[in-house]
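Residues per chain are reported as follows:
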Amino acid sequence: MEMLVVVSDLSYRYPDGTAALNGVSFAVAAGERVALLGPTGSGKSTLLQHLNGLLPATAGSVAIAGITVVPSTLRDVRRRVGLVFQDPNDQLFLPTLLEDVAFAPLNDGVPAHEAAHLARETLAELGLAGVEHRAAHHLSGGERRLAALATVLVSRPAVLVLDEPTGDLDARSRRRLVGLLLRREETLLVATHDLGIAESLCRRGVVLHEGRVVADAALGDLLVDRALLERYGLAAPLE
Amino acid sequence: MAHIPDGFLSGTVMVGTAIASGAALAVAARRSRRDLAEREAPILGAVTAFVFASQMLNFPIGAGTSVHLLGGVLVGAIVGPWSGMLVLFAVLLVQALLFQDGGIASLGANTLNLSIISVGAGVLLYRWFLALVGVGDRRRVGAAAVAAFLSTVLVGGAVAVELAASGTIPIKPALVVVGGGHILVGVVEAVLTGAILATLLRVRPELVTVSAGARPVSRPLALGVAGVTALLAMAAGYVASTRPDVLEAAASRLGLAQQESVGATPFGDYGAPASGAWAAALIGVVVVFGLGWVVVRLLARGRLRA
Amino acid sequence: MSFRHVDQYAAVVSPVTRTVPTARLLGTVTLAAGSAALPFGAWMPLAVLFLAVLLIARAARVPARQLFIRTTGPFVLVFLASAGLLVLVPGEPLFTLGVLKVSSQGLERFAFVLGRASVALSAAVILVSTTSFPELLHAFRELRLPHVVTASLGVGYRLLYILVDELERLQRAARSRNAGTGSTTRRRLLVGITAAGLSRAFSRGERTHRAMLARGYAGDVPALFSQSWDRRSTLALVMLVLLVGIVLGGAHILS
Ligand SMILES: Nc1ncnc2c1ncn2[C@@H]1O[C@H](COP(=O)(O)OP(=O)(O)OP(=O)(O)O)[C@@H](O)[C@H]1O
Ligand SMILES: [Mg+2]
């Protein structure tokens, strides 16, 4: 099978010396939906930023659709990988939603009226038609999540990478988000410590711990392995 | 009254200050791009938002009055003088249009005072002091605090001159009331600038120490400038003390003193106590410089590490 | 001043909102500058401009109540600032307040400054009541303000809301931790919060920067909207400029 995302022996050390990733390897096939599980501080966000070339690998490499991530390929890589950050406020930085969503196409050189059209279409797909001229601080938390998603979906990325997409959502918004994501075709990589979300979205799980992959298996098997979940802080020990 | 509202300035002053500010901003726009490259929008956006937010926090200074941070030296020390001017201009622009804080027609004057002079003179002073006292976190904080104080007083002086040139208030009371008021504002500005910079140096030192576009001022140059300033101050002191009317003559030529003042003001004369004008001028300069030096040194000892 | 005013424009359609935002902005500047440039004592021309502003407010469907309320706050500040004129302007003493002598010239100048300020303030309130922040930003772009200014305002607008939220949270947290209420405590608290605010603003700015890079940012925040001037806007602006010009010219000839 064609591998869309290939991470090989990736290590990363923050400038302050924190070794956040220590030789991570895994691959994701086109069309697959993978959950990246791991306790707080295990390196999930760090790993995701490598997929988009936001952090340069200290050792090892990342390839997207056969393109190795290096400074000269960043443009191509970023067009293929849609990264949604942990905090939607980081992603929605312009005065209106429409401008936020049109930001990526405009950077890609799409003419303004076309970019606006694309942005409107994407917002409508996510059920956000009618609020496109609002500022993000006038939206509910759930709408803000969806809007952040729209800012990357608009470029039709091959891989959708979500960091903790359900952090502050109530049950209904969560269900709505899951429903939306299940209907999409993009390859999906979701970092989360919410096992419920992982289960409803993905078939496969990769468990990260202290910057290493400690398990990579079918999610169904992972979720019944009580000892593993407890060992890596993904479930509280039973009384 | 740091932000001059509409209604206080004459047409000539509004146009003159607007042209001066526009020219300075044009230069700043060209220079700032080079300093920050593509980091500019998000980082400057963050600083703009910060200046806005901080100007909503009022610091009580007693007697029911409160002042807020102006931020010229603080912002200039972090993002460099050119970007700093543009950031403060952006803030003033929106404050004038959306908050009616500072007039729309007086935007030129307010930009000149609170962006060009406050940041430009403030950063010059800051770098100059830094070259005089040497490197180190505490000295940095001290230099910034003193520069913040002086630049605020300069802003007060500029406001006074603009009001007088507009014929709104005669120059002497304007200097005493507006300029004098800014001494108090300057003290708060110094404390805030120092404290914020000290905190920033503790949590995010790289933001302050690698400030954009900073070319270190060499020590000999700094000392030279100090010497020339002292000489100029002495000369001015001498002139003022021997011929008190010179100041007024100059003022009236500039159109500043269109009306005679009401009675004596503290700016009346620089009368020498005993041994002649020169001695008075010299003492004045030495005292001012000595005080400045001591303050920088004292602050450097670390009283301000909030 | 509350920053939440920024978003208090009303989505009312009126002859004023049908002009392009740039024309609205320039019109406001014309009115403010025109009234500010009136020579002292030109009461009649001032009255004409004031009337013009009221008519525009009516055309813009800004309710009189709102106009009044929104100008009051800034007006009080102008009032306080100009109170100094009462005693600082020399002239024949009218009456004395303790040691302060109020001159008749001072009184007239005080009143005139307030009059000029009211026109400018009302014009500004009409602008914010009809124009959203994004529209203003387009106007700034069209007026060729430096890209640094428009881009930092564009990003700063959202960050301001996020930052104020964070500052409010910091303030609450600090209050709940220390019971002291003295003004020294309060000052120290404010200094701490301001300092924390700056480092938060920076972290936020850097995270936003990464989010921008992830979407192909290369140094320019491209503008999505462009507006085309229509004849209506040009006509309205020209008429306003003419009116103000005539009033101003008349005032200077008369005085
Ligand atoms: N900018 C940074 N500088 C230094 N160390 C960092 C930085 N960001 C993260 N780290 C460290 O790297 C490690 C991995 O962090 P990361 O944010 O990737 O974890 P995470 O799995 O996403 O956690 P969470 O579930 O809380 O989001 C942690 O030990 C963290 O402290
Ligand atoms: Mg994370």
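Here's a quick rundown of the structure.

Rules used throughout
Residues numbered from 1 in each chain as written. Chains lettered and ligands numbered in written order. Predicted model: local features only at pLDDT ≥ 70, side-chain atom pairs only at ≥ 80, totals over all residues. Heavy atoms only, no water. Helix = DSSP H or I, 4+ residues; strand = E, 2+ residues; numbered from the N terminus. Contact = heavy atoms within 4.5 Å. Areas by Shrake-Rupley, 256 points an atom, 1.4 Å probe, with all protein chains shown as cover. Lys, Arg positive; Asp, Glu negative; His and termini not counted. Charge placed at Lys NZ, Arg CZ, Asp CG, Glu CD. Buried area = accessible area lost by both parts, 1.4 Å probe. Salt bridge = Lys/Arg side-chain N within 4 Å of Asp/Glu carboxyl O. Polar contact = N/O pair within 3.5 Å; in protein donor to acceptor, adjacent residues only side chain to side chain. Nonpolar A, V, L, I, M, F, W, Y, C, P; charged D, E, K, R; others polar. Near = heavy atom within 4 Å. Buried < 20%, exposed > 50% of the residue type's maximum accessible area, 1.4 Å probe, protein only. Pairing = 2+ DSSP bridges. Core = buried A, V, L, I, M, F, W, Y, C linked by side-chain atoms within 4.5 Å. Domains from an automatic or database assignment. Patch = residues over 30% accessible without salt bridge, like charges linked within 9 Å, V, L, I, M, F, W, Y side chains within 5 Å. Donors = N, O, S within 2.8 Å, 3.2 Å for Na, K, Ca; no water. Axes fitted to C-alpha atoms, helices over the stretch in contact; angles between N-to-C directions. Parallel < 35°, antiparallel > 145°, perpendicular 65-115°, else oblique. Phe/Tyr/Trp six-rings, centres within 6.5 Å; stacked < 30°, edge-to-face > 60°. Lys NZ or Arg CZ within 6 Å of the ring centre and 35° of its normal. 1 Å grid on protein atoms, 1.4 Å probe; cavity = no way out; pocket = protein on both sides within 12 Å on 5 of 7 lines; lining within 4 Å. Points joined across faces, edges and corners; volume = space filled by probe spheres on them.

**Overview of the overall build of chain A**
Then, in step 1: Along chain A, the regular secondary structure elements total ten helices and ten strands.
Then, in step 2: The principal-axis extent of the C-alpha atoms belonging to chain A is close to 50 × 45 × 40 Å.
Then, in step 3: In chain A, of all internal contacts separated by at least 6 residues, the share reaching a separation of at least 24 is 63%.
Then, in step 4: Working note: accessible area of chain A is about 10,000 Å², and carbon and sulfur atoms make up 51% of it.
Then, in step 5: Looking at chain A, you have 23 positive and 29 negative side-chain charges, and the mean spots of the two groups are 2 Å apart.

**Observations concerning the interface of chain A and chain C**
Then, in step 1: Listed per partner, the contact involves 32 residues of chain A and 29 residues of chain C.
Then, in step 2: Both sides together, the interface formed by chain A and chain C hides about 2,700 Å², and carbon and sulfur atoms give 62% of it.
Then, in step 3: By the criterion of area lost to chain C, the three top residues of chain A are A:Asp90, A:Phe93 and A:His137, representing 24% of everything that side buries.
Then, in step 4: Of the charged contacts, one joins C:Arg207 and A:Asp90 as a salt bridge, the two residues approaching to 2.8 Å between their closest N and O atoms.
Then, in step 5: Connecting chain A to chain C are eleven residue pairs in polar contact (both at pLDDT 80 or more).
Then, in step 6: At the level of secondary structure, the elements contributing two or more residues to the side of chain A that touches chain C comprise helix H3 (88-91), helix H4 (97-107), helix H5 (112-125) and helix H6 (141-153) of chain A.
Then, in step 7: Element by element, the count of residues in the side of chain A that touches chain C is highest for H4(A), at eight residues.
Then, in step 8: A per-class count over the side of chain A that touches chain C returns 17 nonpolar, ten polar and five charged.

**Quick word on the site of ligand 1**
All names here are of chain A.
Then, in step 1: Near ligand 1 lie 15 residues; those nearest to it are Thr40, Gly41, Lys44, Ser45 and Thr46.
Then, in step 2: One of the side-chain N or O atoms of threonine 18 is found 3.5 Å from a nitrogen atom in ligand 1.
Then, in step 3: Within the side chain of serine 45, an N or O atom sits 2.7 Å from an oxygen atom of ligand 1.
Then, in step 4: When the free accessible area of ligand 1 is taken as 640 Å², the share hidden by the protein chains comes to 65%.
Then, in step 5: Here the shell around ligand 1 is composed, by residue class, of three nonpolar, nine polar and three charged.

**Things to note about the pairing of strand E9 (residues 204-209) of chain A**
All names here are of chain A.
Then, in step 1: With five of six residues buried, E9 lies mostly within the body of the structure.
Then, in step 2: Summarising the sheet, E9 and strand E10 (residues 212-218) pair through six bridges and their orientation is antiparallel. Looking at E10, one finds that valine 206 is bridged to aspartate 216.
Then, in step 3: The antiparallel pairing of E9 with E10 creates a hairpin that spans two residues between the two strands, and glutamate 210 there sits at a positive phi of about 50 degrees.

**Some points on unusual backbone geometry**
All names here are of chain A.
Then, in step 1: For arginine 156, which is not glycine, the phi dihedral falls at a positive 50 degrees.
Then, in step 2: Mapped onto the elements of the fold, arginine 156 is located in the loop between H6 and strand E7 (159-163).
Then, in step 3: For glutamate 164, which is not glycine, the phi torsion reads 50 degrees and is therefore positive.
Then, in step 4: Mapped onto the fold, glutamate 164 is located in the loop between E7 and helix H7 (171-182).
Then, in step 5: Taking relative accessible area as the criterion, glutamate 164 reaches 10% and is therefore assigned buried.

**Details of the nonpolar core**
Then, in step 1: By size, the foremost hydrophobic cluster in this structure holds 167 residues, and its most contacted members are A:Val7, A:Leu47, A:Leu51, B:Phe50, B:Tyr126 and C:Leu153.
Then, in step 2: Domain assignment of the residues forming this core places at least three in each of domain 1 (21-132 + 226-254) and domain 2 (146-214) of chain C.
Then, in step 3: Non-local contacts of C:Leu153, meaning those with residues more than four positions away in its chain, are made with B:Thr48, B:Ala90, B:Leu93, B:Val94, C:Phe133, C:Leu137 and C:Phe140.
Then, in step 4: Of all hydrophobic cores here, the second largest spans 50 residues; its members include A:Val84, A:Leu92, A:Val154 and A:Ala198.

**So, a nonpolar patch on the surface**
Then, in step 1: A cluster of nonpolar side chains, B:Ile183, B:Val187 and B:Val191, forms an exposed patch at the surface whose accessible area comes to about 230 Å².
Then, in step 2: The topology assignment puts B:Val191 in helix H7 (residues 171-203).

**Quick notes on the coordination of the magnesium ion (ligand 2)**
All names here are of chain A.
Then, in step 1: The protein atoms that coordinate the magnesium ion (ligand 2) are Ser45 (OG) and Gln86 (OE1), at distances of 1.9 to 2.6 Å. Note that serine 45 is positioned in helix H1 (residues 44-51) and glutamine 86 in the loop between strand E6 (81-84) and H3, a separation of 41 residues in sequence.
Then, in step 2: For serine 45, a relative accessible area of 23% translates into the label partly exposed.

**Comments concerning the packing of H4(A) against H6(A)**
Residues and elements named next belong to chain A.
Then, in step 1: For the pair H4 and H6, the least separation of the axes is 7 Å and the interaxial angle reads 30 degrees. The pairing of H4 with H6 is recorded here as roughly parallel in orientation. Residues Leu97, Asp100, Val101 and Ala104 of H4 form the contact with H6, whose participating residues are Ala147, Ala150 and Thr151.
Then, in step 2: A per-class count over the contact of H4 with H6 returns five nonpolar, one polar and one charged.

**Points about the packing of aromatic side chains**
Then, in step 1: For the structure on display, the rule yields nine aromatic pairs over all chains.
Then, in step 2: A centroid spacing of 5.3 Å and a plane angle of 70 degrees characterise the contact between C:Phe79 and C:Phe110, whose relative ring orientation is edge-to-face. Of this pair, C:Phe79 sits in helix H3 (residues 64-88) while C:Phe110 sits in helix H4 (residues 104-130); the two residues are 31 residues apart in sequence, bridging distant segments of the chain.
Then, in step 3: For C:Phe110, a relative accessible area of 9% translates into the label buried.
Then, in step 4: Grouping aromatic residues by their ring pairs yields a cluster made of A:Phe93, A:Phe103 and C:Tyr217.
Then, in step 5: The ring of C:Phe40 carries the charged tip of C:Arg109 above its face, separated from the ring centre by 4.8 Å.

**Quick look at the sheet that holds strand E2 (residues 19-29) of chain A**
The pairing of strands in a sheet comes from backbone hydrogen bonds and takes either a parallel or an antiparallel form.
All names here are of chain A.
Then, in step 1: One open sheet accounts for four strands, arranged E2-E1-E4-E5; its pairing is antiparallel. Each edge of the sheet is formed by a strand with only one pairing partner; in this case those strands are E2 and strand E5 (67-68).
Then, in step 2: The sheet contact formed by strand E1 (residues 3-13) and strand E4 (residues 59-64) spans five bridges and is antiparallel. Among the inter-strand pairings, serine 11 is bridged to a residue of E4, identified as alanine 59.
Then, in step 3: Together, E1, E2 and E4 form the strand contacts of H1, whose direction differs from that of E1 by roughly 125 degrees.

**A word on the environment of C:Ile193**
Then, in step 1: When you line up the elements, C:Ile193 lands in helix H7 (residues 183-214).
Then, in step 2: Of the residues examined, C:Ile193 reaches a relative accessible area of 5% and is grouped as buried.
Then, in step 3: Measuring from C-alpha to C-alpha, the distance between C:Ile193 and C:His147 comes to 31 Å, with 46 residues separating the pair along the chain.
Then, in step 4: Once you skip the residues sitting within four places of it in the chain, C:Ile193 turns out to touch B:Leu57, C:Leu167, C:Leu170 and C:Gln171.

**Some thoughts on empty space enclosed by the protein**
The gaps left among the atoms become clear once a water-sized probe is rolled over them.
Then, in step 1: Under the defined criterion, the tally for this structure stands at five cavities of 30 Å³ or more.
Then, in step 2: Estimates place the volume of the largest cavity at around 90 Å³.
Then, in step 3: Lining of the largest cavity is provided by ten residues; of these, B:Phe52, B:Val94, C:Phe133, C:Tyr157 and C:Leu160 occupy positions nearest its centre.
Then, in step 4: Listing elements by their share of the lining of the largest cavity, those giving two or more residues are helix H2 (40-56) and helix H4 (81-99) of chain B together with helix H6 (147-177) of chain C.
Then, in step 5: Quantified by volume, the second largest cavity comes out at close to 60 Å³.
Then, in step 6: At the level of secondary structure, the elements contributing two or more residues to the lining of the second largest cavity comprise H2 and H4 of chain B.
Then, in step 7: Tallying contributions element by element places H4(B) first for the lining of the second largest cavity, with four residues.

**Observations concerning the pattern of salt bridges**
Residues and elements named next belong to chain A.
Then, in step 1: The tally for this structure, following the rule as stated, stands at 16 salt bridges over all chains.
Then, in step 2: Between arginine 75 and aspartate 108 there is a salt bridge; the shortest N-O distance is 3.9 Å. Residue arginine 75 is located in helix H2 (residues 74-80), and its partner aspartate 108 is located in the loop between H4 and H5; the two are separated by 33 residues in the primary sequence.
Then, in step 3: Accessibility expressed as a relative area gives 46% for arginine 75, which makes it partly exposed.
Then, in step 4: Arginine 226 is paired through a salt bridge with glutamate 230; the nearest N and O atoms lie 3.3 Å apart. Note that arginine 226 and glutamate 230 are positioned in helix H10 (residues 226-231) at a spacing of four residues, about one turn of the helix.

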